[in-house]
Amino acid sequence: MRFPRASGVLLHPTSLPGPHGSGDFGPGAHHFIDWLAGAGQRLWQILPLGGIGPGNSPYMSTSAFAGNVLLIDLDELRERGWLPAADLTFDASATQPFDERRIHFARVVPFRIERLNTAARAFARSASSDERADFDAFCARQKSWLDDYALFMTLANHFGWRDWSDWDEPLAHRDPAALAAAAAANADGVAFWKFCQWCFFRQWLRIKAYANQRGVEIVGDAPIFIAYQSAEVWARQDLFDLDARGKPSVVAGVPPDFFSETGQRWGNPLYRWRTHAKEGYAWWVERIRRTFELVDIVRIDHFRGFAGYWEIPASEPTAVKGRWMPGPGAPLFKAIANALGPVPIIAEDLGVVTPDVVALRKKFSLPGMRILQFAFGGGSDNAFLPHNHEVDTVVYTGTHDNDTSVGWWASAKPEERQHASDYLNTDGAEIHWDLIRAACASVADTAVHPMQDVLGLPTEQRMNFPGKGEGYWEWRFSWDQVQPEHAQRLKALCQLYGRAT
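Predicted model only: the values in this text are computed from it and were never measured.

### Looking at the overall build of the protein
Piece 1. Counting its secondary structure elements, the protein contains 19 helices and twelve strands.
Piece 2. For 501 residues, the compact-globule estimate of 2.2 N^0.38 gives 23 Å, and the protein sits close to it at 23 Å.
Piece 3. Dimensions along the principal axes, computed over C-alpha positions, put the protein at roughly 70 × 50 × 45 Å.
Piece 4. Relative to its full complement of 501 residues, the protein shows a buried share of 59%.
Piece 5. In the protein, the share of contacts with a sequence separation of at least 24, taken over all contacts with a separation of at least 6, comes to 74%.
Piece 6. A total of about 19900 Å² of accessible surface is found on the protein, and carbon and sulfur atoms cover 53% of it.
Piece 7. Here the protein contributes 50 positive and 59 negative side-chain charges, whose respective centroids are spaced 4 Å apart.

Here's what the structure looks like:
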């Protein structure tokens, strides 16, 4: 599918400014959409909207369908009468030193969960008939995943977040009587998690509608794999490569690459693709369908894993001793196309890209990705160089996994920096704007710039460092960092190269 020529900014909602320790769906999100529209941007690209997992990563969510409850706007719950104003004071002094441009998860998570519990109890006591009817309708619409998710989260808390396979055996192996008894005994907990998801979906869909009204589309993100400690792996154990105890015998990752000499051992369970095929890939079709309820365009992470994926024995501490295994290939995407029609999907085709990966992407006319930070490490035939771009691609200065462009320039090898200097005709003083200009000028239909690059931030402000499990996903910006020239320059470049709204 060809995309209209457009430009956008990559920023996860957790990175928005806000008064409660992390970004959320409050006024900051609306303000950011207004800023995007004023800067001539047509796209807001986000990371996965699911709950965070180990290391606070949104790519290790506890559900493939549920939203991150930490993003719920607490002020909106106060306006509905479910939270007293006094409960909304985020006490930053308990964390020293405190930096408002970083998410202090150790403080934010308990603060927000406690307030959501307060709101859920107030809702149960005092919800209006219209609110109750809306909640009940939501639960009915989302029943296919919501019941399992709410019970999973309740039981996971009860068992101290031990792996679900280590729960009491009847619950781990989903004995119907045990599940019914657990749901009845933990009705308040189940109701809490359903309430949170109702708030999440209601608020996010309001944000999305506002963005669309302002001419901004949302680019979402669907990770290929999901976390082992998740509702869906527990609920559909037959769809994943697990042993008789429910433990993964092999896990996901990628071989040694640019980011790591030992590869990346992600640890996600791998799919039993034969079982998915027998069901006509119904689980995947439903997952993509549900994702499109929340966003306008879907970026599928690690697309090359659908052609072939790296299988690592679960006993191995690194990704070195893995092997390539065949993925589902074209039948999966045929099933999605037959069920959903021609939906706009971006294929994250980075890493070890073999001819079968390219063929699969082109067979379904999915735009791939080009990263400018990867462009200057070789010769003129480097596919990431702008003169080698194709129209059906999305060009980025960098992604959430890259250093900021300023940080990349500071640490680049001398020969790489020289190549970039010659190619971009720059001394590097404003390398972030040089790369944004090159992205906007590219023939690629779509150009996306991380907010860190628009602001010209250093390496300390990067979002993630692949292979490092702690200390990332914490970045936030504040509005005092954003000057009028940022929007003006971005809009001028987009007008110059035919990308502006």
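Following the structure, the description resumes.
### Overview of the layout of surface pockets
A probe as big as a water molecule, rolled over the atoms, marks out the empty space that is left.
Piece 1. Roughly 670 Å³ of volume is contained in the second largest pocket.
Piece 2. Forming the walls of the second largest pocket are 25 residues, and the residues nearest its centre are Ile-52, Gly-53, Pro-54, Thr-62 and Trp-161.
Piece 3. Put simply, the parts of the chain that give the lining of the second largest pocket at least two residues each are α3 (105-126) and α5 (143-158).
Piece 4. No other element matches α5, which puts three residues into the lining of the second largest pocket.
Piece 5. Among the residues making up the lining of the second largest pocket, the classes are represented as 14 nonpolar, nine polar and two charged.

### Topic: the packing of helix α1 (residues 27-38) against helix α8 (residues 187-213)
Piece 1. Viewed as axis vectors pointing N to C, α1 and α8 meet at an angle of 20 degrees, and their least axial separation amounts to 10 Å. The pairing of α1 with α8 is recorded here as roughly parallel in orientation. In terms of crossing hand, the pair formed by α1 and α8 is right-handed. Here Ala-29, His-30, Ile-33 and Asp-34 of α1 lie close against α8, whose contacting residues are Arg-206, Ile-207, Tyr-210 and Ala-211.
Piece 2. A class-by-class count of the residues in the contact of α1 with α8 yields five nonpolar, one polar and two charged.

### Observations regarding the side chain of Thr-446
Piece 1. Of note, Thr-446 is situated in strand β12 (residues 446-450).
Piece 2. Not counting residues up to four positions away in its chain, the partners in contact with Thr-446 are Phe-3, Pro-4, Ala-6, Leu-43, Thr-393, Val-394, Val-395 and Arg-499.

### Notes on the sheet that holds strand β1 (residues 6-10)
Piece 1. An order of β9-β6-β3-β2-β1-β12-β11-β10 is seen for the eight strands of this open sheet, with the pairing classed as parallel. Either end of the sheet is taken by a strand with one partner, and the two such strands are β9 (345-347) and β10 (368-371). Strand-to-strand twist across the sheet, computed as the mean angle between neighbouring axes with direction ignored, equals 25 degrees.
Piece 2. The pairing of strand β11 (residues 393-396) with β12 spans three bridges and is parallel. Its bridge partner being in β12, Tyr-396 is matched across the sheet by Val-448.
Piece 3. Across the sheet, helix α17 (residues 431-441) lies against β11 and β12, angled at about 160 degrees from β12, the strand it touches most.

### As for helix α16 (residues 414-424)
Piece 1. By the burial criterion, the buried members of α16 are Glu-416, His-419, Ala-420, Ser-421 and Leu-424.
Piece 2. Packed against the buried residues of α16 are α15 (405-411) and α17.
Piece 3. In the segment just after α16, Asn-425 is the residue with positive phi, at about 55 degrees.

### Looking at the nonpolar core
Piece 1. Counting residues in hydrophobic clusters, the biggest one holds 143 residues, and the most contacted among them are Phe-32, Trp-35, Trp-44, Trp-167, Phe-195, Phe-306 and Met-451.
Piece 2. Ranked by residues supplied to this core, first place goes to α8 with twelve residues.
Piece 3. Those residues in contact with Trp-167 that lie beyond four places of it in its chain are Phe-152, Leu-155, Ala-156, Phe-159, Arg-162, Ala-172, Gln-229 and Trp-234.
Piece 4. If you look at the next biggest cluster of nonpolar residues, it comprises 16 residues, including Leu-372, Phe-376, Trp-409 and Ala-412.

### Thoughts on the environment of Arg-370
Piece 1. Note on placement: Arg-370 falls in strand β10.
Piece 2. Sequence spacing of Arg-370 and Ala-182 is 188 residues, and the spatial spacing of their C-alpha atoms is 49 Å.
Piece 3. In contact with Arg-370, not counting residues within four places along its chain, are Asp-349, Arg-361, Ala-383, Phe-384, His-389, Glu-390, Thr-393, Val-394, Val-395 and Tyr-396.

### Describing the environment of Asp-87
Piece 1. Mapped onto the elements of the fold, Asp-87 is located in the loop between α2 (74-79) and α3.
Piece 2. For the pair Asp-87 and Leu-74, spaced 13 residues apart in the sequence, the C-alpha separation amounts to 9.6 Å.
Piece 3. Setting aside its immediate chain neighbours within four residues, Asp-87 contacts Phe-111, Arg-115 and Thr-118.

### Overview of the pattern of salt bridges
Piece 1. Applying the stated criterion across every chain, the model contains 32 salt bridges.
Piece 2. Across the salt bridge formed by Arg-236 and Asp-238, the nearest N and O atoms sit 2.8 Å from each other.
Piece 3. Assessed through its relative accessible area of 26%, Arg-236 is described here as partly exposed.
Piece 4. Owing to a relative accessible area of 32%, Asp-238 belongs among the partly exposed residues under this scheme.
Piece 5. The salt bridge partner of Arg-245 is Asp-243, with a shortest N-O separation of 3.1 Å.
Piece 6. A residue is classified by how much of its surface remains accessible, and Arg-245, at 55% relative accessible area, is exposed.
Piece 7. Through salt bridges with shared partners, a single ionic network connects Asp-349, Arg-361, Lys-362, Arg-370, Glu-390 and Asp-392.

### Description of empty space enclosed by the protein
Piece 1. As enumerated under the stated definition, the model contains five cavities of 30 Å³ or more in all.
Piece 2. The calculated volume of the largest cavity comes to roughly 280 Å³.
Piece 3. Lining the largest cavity are 27 residues; nearest its centre among them are Pro-48, Leu-49, Gly-50, Ala-64 and Asp-221.
Piece 4. Looking at which element gives the most residues to the lining of the largest cavity, the answer is helix α11 (residues 282-294), with four residues.
Piece 5. Here the residues of the lining of the largest cavity are counted per class, giving 18 nonpolar, six polar and three charged.

### A word on helix α13 (residues 330-340)
Piece 1. Taken together, the buried positions of α13 are Ala-330, Leu-332, Phe-333, Ala-335 and Ile-336.
Piece 2. Against α10 (273-278), α11, β6 (297-300), α12 (304-307) and α14 (355-363) lie the buried residues of α13.
Piece 3. Where α13 terminates, the next one or two residues include Gly-341, which has phi positive at roughly 80 degrees.

The rules behind each value
Here the residue numbering is sequential within each chain, running from 1 through the sequence in written order. Local features are withheld for residues below a pLDDT of 70 in this predicted model, meaning they are given only at 70 or higher, and side-chain atom pairs are given and counted only at 80 or more; totals for whole chains, interfaces and linings count all residues. Side-chain measures here rest on the full set of heavy atoms in the structure, leaving out hydrogens and waters. We count a stretch as a helix when DSSP gives it H or I for four or more residues in a row; a strand needs E for two or more, and each element gets its number in order from the N terminus. Atoms considered for the radius of gyration are the C-alpha atoms alone. The globule rule reads 2.2 Å times the number of residues to the power 0.38. Exposure categories follow from relative accessible area, calculated using a 1.4 Å probe and restricted to protein chains: below 20% of the type maximum is buried, above 50% is exposed, and the middle band is partly exposed. In what follows, a contact means two residues having at least one pair of non-hydrogen atoms within 4.5 Å. Note on areas: Shrake-Rupley with a 1.4 Å probe; residue coverage comes only from the protein chains shown. None of His or the chain ends enter the tally, which takes Lys and Arg as positive and Asp and Glu as negative. A single reference atom marks each charge: NZ on Lys, CZ on Arg, CG on Asp, CD on Glu. Cavity means a closed set of points on a 1 Å grid over the protein atoms alone, one where a 1.4 Å probe fits but cannot get out, pocket means an open set with protein on both sides within 12 Å along at least 5 of 7 lines, and lining means a residue has an atom within 4 Å of a point. Grid points are joined across faces, edges and corners, and a volume is the space filled by probe spheres set on the points. Classes in brief: Ala, Val, Leu, Ile, Met, Phe, Trp, Tyr, Cys and Pro nonpolar; Asp, Glu, Lys and Arg charged; the others, Gly included, polar. Fitting a line to C-alpha atoms yields each axis, with helices limited to the stretch in contact; the angle taken between N-to-C directions then spans 0 to 180 degrees. Throughout, the term roughly parallel applies to angles under 35 degrees, roughly antiparallel to angles over 145, roughly perpendicular to angles from 65 to 115, and oblique to all others. Note on convention: the crossing is left-handed when the near helix lies turned anticlockwise from the far helix by less than a right angle, right-handed when the turn is clockwise. A pair of strands is treated as paired once DSSP finds two or more bridges between them. Side-chain atoms within 4.5 Å link the members of a nonpolar core, which is a set of buried Ala, Val, Leu, Ile, Met, Phe, Trp, Tyr and Cys residues. When a carboxyl oxygen of Asp or Glu lies within 4 Å of a side-chain nitrogen of Lys or Arg, that pair is called a salt bridge.

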